[in-house]
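Chains, contacts and geometry: an overview
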Amino acid sequence: MTLNERVINALSPLNVPVTVMENLTDDGVCGKFIVIIPTSDNFGLHADDKPLACAEEAELALYCKGNYLAFRDMATELLIAADITVTGRRYLELEKDTGFHHYIIEVAAVN
């Protein structure tokens, strides 16, 4: 299972749209959505040059109107419970034109 699939499955209890590299528009109902931005797929070096595992990394762009801290914490807990490594988190900005808080969670997994 790819990192994208694992993230989508892990975050399903949030009941918010989760997509890969698409701009979603708020449907006015929940005021939240997540965009998965793949950042790397790396094969480690092996003596026989045959990759045995792939390390995938991605940024999850969380968009939220209102309390982004609770949204961030729930997403982080679900990711960790699904054995997805959280490598970093940071607040990016409040988008003045949309009113969304934009928060980034960086994740990684080895397949």
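Parameters and conventions
- Residues numbered from 1 in each chain as written.
- Predicted model: local features only at pLDDT ≥ 70, side-chain atom pairs only at ≥ 80, totals over all residues.
- Heavy atoms only, no water.
- pLDDT = per-residue confidence, 0-100.
- Helix = DSSP H or I, 4+ residues; strand = E, 2+ residues; numbered from the N terminus.
- Axes fitted to C-alpha atoms, helices over the stretch in contact; angles between N-to-C directions.
- Parallel < 35°, antiparallel > 145°, perpendicular 65-115°, else oblique.
- Left-handed = near helix turned anticlockwise from the far one by under 90°.
- Contact = heavy atoms within 4.5 Å.
- Nonpolar A, V, L, I, M, F, W, Y, C, P; charged D, E, K, R; others polar.

Observations concerning the confidence of the model for the protein
For the protein, the average pLDDT comes to 88, and 90% of its residues sit at 70 or higher. Across the protein, element-level confidence peaks in helix 2 (residues 68–81) with a mean pLDDT of 97 and bottoms out in strand 1 (residues 18–20) with 89.

With respect to the packing of helix 1 (residues 3–11) against helix 2
Packing of helix 1 against helix 2 leaves a shortest axis separation of 9 Å and a crossing angle of 120 degrees. With respect to helix 2, the element helix 1 is oriented oblique. In this structure, helix 1 meets helix 2 at a crossing whose hand is right-handed. Within the contact between the two elements, helix 1 uses V7, A10 and L11 and helix 2 uses A75, L78 and L79. Of the residues that constitute the contact of helix 1 with helix 2, the class distribution is 6 nonpolar, no polar and no charged.

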